[in-house]
Amino acid sequence: VSYIAIIVTKIMGALYNIPFYKMIGDDGGFIYACAFTIYMLFLDISTSGIPTAISIMIGKYTALERYRSKEKTYRIGFALVVAISVVAFIMMQIFAPMLGDYFIGSAQDGVKASDITLAIRIVSLCLLIAPFLSVERGYLLGSKYIAISSISQVIEQVVRIVFVLVGSYIAIYVFHQSSIVAVSISLFGTALSAFIAYVYLIYKKRQLDISDEDPKK
């Protein structure tokens, strides 16, 4: 199941870009690329390998049946990610105009610094969701619930693609809006898809009651 989920998400991620970039054009593609590049940089800073470390430690304590230590590790990791992610979000909001001015130097005609600034500020919302999604996935992987984590990736990708393609199509071809509107909708869809995947993981985690496997240990 996990292998199939990975293959499906990779294929969908590669294919949806073709109609999406065709709809938003060169200007929209440039704005999208600038915003997403900055977002990925700050996301890497926000997580800093913490989800992977959590997965390894959770797996270790699960194997040793040290459930209290497992939960303590999870809480510490989660708190650390919260602190770093909030700071990263604030930094993206503050420095968005400067980044917009920086990218405008290599922008194509028709692209404004304010468009890039708006895109960066919208995608920064993902920093309030995606890092915590990674932590939950690390927790579930360490607890040997690999299929649930993989399914959440498929859910995230499907929601994102549907929202991006449908939202962009409606914005451009139905309401005749500019490419920056379509890009903004698409970037918001990235945050929305991460949130839905996060809600799914929390639901499955509570349903399985993983943390209470043996509260005495």
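Residues numbered from 1 in each chain as written. Predicted model: local features only at pLDDT ≥ 70, side-chain atom pairs only at ≥ 80, totals over all residues. Heavy atoms only, no water.

### Overview of the overall build of the chain
Next, step 1: Looking only at helices and strands, the chain features eight helices and zero strands.
Next, step 2: Taken over 217 residues, the chain has a buried fraction of 46%.
Next, step 3: Here the chain displays about 11000 Å² of accessible surface, and carbon together with sulfur accounts for 68% of that area.
Next, step 4: Here the chain carries 18 positive and 14 negative side-chain charges, and the mean point of each set is 10 Å from the other. (Helix = DSSP H or I, 4+ residues; strand = E, 2+ residues; numbered from the N terminus. Buried < 20%, exposed > 50% of the residue type's maximum accessible area, 1.4 Å probe, protein only. Areas by Shrake-Rupley, 256 points an atom, 1.4 Å probe, with all protein chains shown as cover. Lys, Arg positive; Asp, Glu negative; His and termini not counted. Charge placed at Lys NZ, Arg CZ, Asp CG, Glu CD.)

### Overview of the nonpolar core
Next, step 1: Counting residues in each nonpolar core, the largest one holds 55 residues, and the members touching the most others are Tyr39 and Leu187.
Next, step 2: Listing elements by their share of this core, those giving two or more residues are α2 (17-47), α3 (50-63), α4 (67-104), α5 (113-123), α6 (130-142), α7 (146-174) and α8 (179-208).
Next, step 3: Ranked by residue count, the leading element in this core is α2, at 13 residues.
Next, step 4: Those residues within four positions of tyrosine 39 in sequence are excluded, and the remaining contacts are Met92, Val123, Cys126, Leu127 and Ala130. (Core = buried A, V, L, I, M, F, W, Y, C linked by side-chain atoms within 4.5 Å. Contact = heavy atoms within 4.5 Å.)

### Some points on the packing of α4 against α6
Next, step 1: At a minimum axis separation of 10 Å, α4 and α6 run at an interaxial angle of 165°. Relative to α6, α4 is oriented roughly antiparallel. In the packing of α4 onto α6, the handedness of the crossing is right-handed. In this structure, α4 contributes Lys70, Glu71, Tyr74, Phe78, Val81, Val82 and Ser85 to the contact, and α6 contributes Pro131, Phe132, Val135, Glu136 and Tyr139.
Next, step 2: Looking at the contact of α4 with α6, its residues break down into eight nonpolar, one polar and three charged. (Axes fitted to C-alpha atoms, helices over the stretch in contact; angles between N-to-C directions. Parallel < 35°, antiparallel > 145°, perpendicular 65-115°, else oblique. Left-handed = near helix turned anticlockwise from the far one by under 90°. Nonpolar A, V, L, I, M, F, W, Y, C, P; charged D, E, K, R; others polar.)

### Here we look at α5
Next, step 1: With eight of eleven residues buried, α5 lies mostly within the body of the structure.
Next, step 2: Considering only its buried residues, α5 is in contact with α2, α4 and α8.

### Quick notes on the environment of methionine 92
Next, step 1: Along the chain, methionine 92 falls in helix α4.
Next, step 2: With a relative accessible area of 0%, methionine 92 lands in the buried category.
Next, step 3: Separated by 30 residues in sequence, methionine 92 and isoleucine 122 place their C-alpha atoms 9.7 Å apart.

### Section: the confidence of the model for the chain
Next, step 1: In the predicted model, the chain carries a mean pLDDT of 90, and the fraction of residues at 70 or more is 94%.
Next, step 2: Per-residue pLDDT, averaged within each element of the chain, yields its smallest value for helix α1 (residues 2-15) (80) and its largest for α5 (95). (pLDDT = per-residue confidence, 0-100.)

### Some remarks on the packing of aromatic side chains
Next, step 1: Applying the stated criterion across every chain, the model contains twelve aromatic pairs.
Next, step 2: Between tyrosine 102 and phenylalanine 103 the ring centres are 5.4 Å apart and the planes differ by 70°, which places this aromatic pair in the edge-to-face class.
Next, step 3: Under the relative-accessibility criterion, tyrosine 102 is labelled exposed at 64%.
Next, step 4: Between the aromatic rings of tyrosine 169 and tyrosine 173, the centroid separation amounts to 5.0 Å while the plane-to-plane angle is 40°, which identifies the pairing as tilted. (Phe/Tyr/Trp six-rings, centres within 6.5 Å; stacked < 30°, edge-to-face > 60°.)

### Some points on the side chain of serine 55
Next, step 1: Along the chain, the position of serine 55 falls in helix α3.
Next, step 2: The residues contacting serine 55, other than those within four sequence positions of it, are Gly138, Leu141 and Gly142.

### Quick look at the pattern of salt bridges
Next, step 1: Counted by the stated rule, this structure contains two salt bridges.
Next, step 2: Of the charged contacts in the structure, one is a salt bridge between glutamate 136 and lysine 205, with a shortest N-O distance of 3.3 Å. Placement of glutamate 136 in helix α6 and of lysine 205 in helix α8 is noted, with a sequence separation of 69 residues between them. Note on accessibility: glutamate 136 and lysine 205 belong to one class, buried.
Next, step 3: Glutamate 156 is paired through a salt bridge with arginine 137; the nearest N and O atoms lie 2.8 Å apart. Here glutamate 156, found in helix α7, pairs with arginine 137, found in helix α6; they are 19 residues apart in sequence, far enough to count as distant. (Salt bridge = Lys/Arg side-chain N within 4 Å of Asp/Glu carboxyl O.)

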